[in-house]
Amino acid sequence: MNHPGTWTTAVTEIQPNHVAVRGYDIAELMGNISFGQAVYLILRGELPDPSVGLLMEAILVASIDHGATPPSTLAARTVASTGANLGQSVAAGILSINRWHGGAIQDCAIQLGRIIQRAGKEQCKLQDAANAELADMKARGERMSGFGHRVHASDPRTRRLFELCREAGVAGPYLDAASAVEKFFEMTGKSLPINVDGAIGAVLAQLGFDPAVMNGVFMIARLPGLVAHVAEEQSREKPMRKIDPVHHAYDGPKSRTLK
Ligand SMILES: CC(C)(COP(=O)(O)OP(=O)(O)OC[C@H]1O[C@@H](n2cnc3c(N)ncnc32)[C@H](O)[C@@H]1OP(=O)(O)O)[C@@H](O)C(=O)NCCC(=O)NCCS
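Basis of the calculations
Residues numbered from 1 in each chain as written. Predicted model: local features only at pLDDT ≥ 70, side-chain atom pairs only at ≥ 80, totals over all residues. Heavy atoms only, no water. Helix = DSSP H or I, 4+ residues; strand = E, 2+ residues; numbered from the N terminus. Buried < 20%, exposed > 50% of the residue type's maximum accessible area, 1.4 Å probe, protein only. Contact = heavy atoms within 4.5 Å. Areas by Shrake-Rupley, 256 points an atom, 1.4 Å probe, with all protein chains shown as cover. Lys, Arg positive; Asp, Glu negative; His and termini not counted. Charge placed at Lys NZ, Arg CZ, Asp CG, Glu CD. Expected span 1.5 Å × (residues − 1). Domains from an automatic or database assignment. Buried area = accessible area lost by both parts, 1.4 Å probe. Salt bridge = Lys/Arg side-chain N within 4 Å of Asp/Glu carboxyl O. Nonpolar A, V, L, I, M, F, W, Y, C, P; charged D, E, K, R; others polar. Pairing = 2+ DSSP bridges. Core = buried A, V, L, I, M, F, W, Y, C linked by side-chain atoms within 4.5 Å.

### Topic: the overall build of the protein
- Regarding its fold elements, the protein presents 11 helices and three strands.
- If you list the helices and strands of the protein from N to C, you get β-β-β-α-α-α-α-α-α-α-α-α-α-α.
- Residue burial in the protein is summarised as follows: out of 259 residues, 39% are buried.
- Restricting the contact set of the protein to residue pairs at least 6 apart, pairs at least 24 apart contribute 70%.
- Of the roughly 15,400 Å² that the protein leaves accessible, carbon and sulfur atoms contribute 56%.
- On the protein, the mean spot of the 26 positive side-chain charges and the mean spot of the 26 negative ones are 8 Å from each other.

So this is what it looks like as structure tokens:
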């Protein structure tokens, strides 16, 4: 019998000597499913097929870090350099993941969804719907989220994610809409390939994720990178240093392979 006024949660059940995530005993999950599958389970409520689990893993690995330049990394390092502890510094990094950093995942998924809806509503080809939608966006002075990159012209993470998506058999309209957007930009003389945020947005939308949790997937993925940067800042650098956002160099292990 619940206490009067008891509120409910469907995420995890806790009883003495019993922890069950979305109904699955946590001890049974441990050692049997990957972290990617567990993230899918907790956000969606169901376990993914193994191939979709692999895709989730790939998304988490793809976003684990992007060097010292992203705003979240600079924010975390800056806060660490003031003497803040690990939690405070990492939280500062997470606070910097918003509409313009990481947020392209969610916005791209929504915008690709609009293209798909338009094609359905106007009974036209996806390419025509993409052309019309992007022309409207340009007229409103809006950018297509998830396309273009300051550093990469052909992002290796994007290619690999789409490859894994096809291998998992979940390629579909969102990936087709993303190709239509790339074609539109090519036709207008701009090379604005889909970036990793856009690719993750397209794949998560294809998997049926609610756009409202998509930036959360990026936060989950980037957290280990932020912890590594904060720990390095605290152990290597002096407090209150001037952190140059551009002029820094890599001095970690030389390029190596898994084999
Ligand atoms: C990522 C980004 C900031 C890189 O920009 P950049 O390479 O410095 O390019 P600029 O901002 O100087 O823009 C160059 C031109 O391309 C256009 N452009 C760039 N990205 C565009 C996009 N996503 N949609 C529409 N037009 C875009 C700009 O309007 C500009 O056009 P103009 O020369 O006619 O004015 C930019 O591509 C962008 O805003 N992308 C969308 C947001 C996003 O995906 N963020 C996540 C990045 S991982």
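### Quick word on helix 6 (residues 104–121)
- Taking 1.5 Å of rise per residue, 18 residues should cover 26 Å, and helix 6 covers 25 Å from first to last C-alpha, within 8% of that figure.
- If you check which residues of helix 6 are buried, you get Ala-104, Ile-105, Asp-107, Cys-108, Ala-109, Gln-111, Leu-112, Gly-113, Ile-115, Arg-118 and Ala-119.
- On its buried side, helix 6 packs onto helix 7 (126–139), helix 9 (173–187), helix 10 (196–206) and helix 11 (211–236).
- Once helix 6 ends, the next one or two residues include Gln-123, with phi positive near 50°.

### Quick look at the domain arrangement of the protein
- Considered domain by domain, the protein is made up of domain 1 (14–62) and domain 2 (102–220).
- Computed over C-alpha atoms, the centres of domain 1 and domain 2 are 27 Å apart.
- Each partner contributes residues to the interface: domain 1 has 13 residues there, and domain 2 has 15 residues.
- Looking only at domain 1, the three residues that lose the most surface to domain 2 are Arg-44, Leu-55 and Ile-59, adding up to 42% of its buried area.
- Between domain 1 and domain 2 we count zero salt bridges in total.
- Of all elements in the fold, only helix 2 (35–44) and helix 3 (50–62) reach the threshold of two or more residues within the side of domain 1 that touches domain 2.
- Of the residues forming the side of domain 1 that touches domain 2, the biggest block, eight residues, is contributed by helix 3.
- Per-class residue counts for the side of domain 1 that touches domain 2 are 11 nonpolar, one polar and one charged.

### With respect to the environment of Asn-2
- Relative to the helices and strands, Asn-2 is located in the segment before strand 1 (12–15).
- Sequence separation of Asn-2 and Gly-120 is 118 residues, and the distance between their C-alpha atoms is 48 Å.

### Overview of the sheet that holds strand 2 (residues 18–21)
- Sheet architecture is open: three strands sit in the order 1-2-3, paired in antiparallel fashion. Strands at the two margins of the open sheet, each flanked by one partner only, are strand 1 and strand 3 (24–25).
- Across four bridges, the pairing between strand 1 and strand 2 is antiparallel. Each bridged residue has a counterpart across the sheet, and for Glu-13 the counterpart in strand 2 is Ala-20.

### Quick notes on the nonpolar core
- If you look at the biggest cluster of nonpolar residues, it comprises 49 residues, and the most contacted ones within it are Leu-55, Met-144 and Leu-204.
- Those elements that provide at least two residues to this core are helix 2, helix 3, helix 6, helix 7, helix 8 (156–167), helix 9, helix 10 and helix 11.
- When we break this core down by domain, the ones giving at least three residues each are domain 1 (14–62) and domain 2 (102–220).
- When neighbours within four sequence positions are excluded, Met-144 is seen to be in contact with Cys-108, Gln-111, Leu-112, Leu-134, Met-137, Val-181 and Phe-185.
- Counting residues in each nonpolar core, the second largest holds five residues, with Ala-76, Ala-80, Leu-226 and Val-230 among its members.

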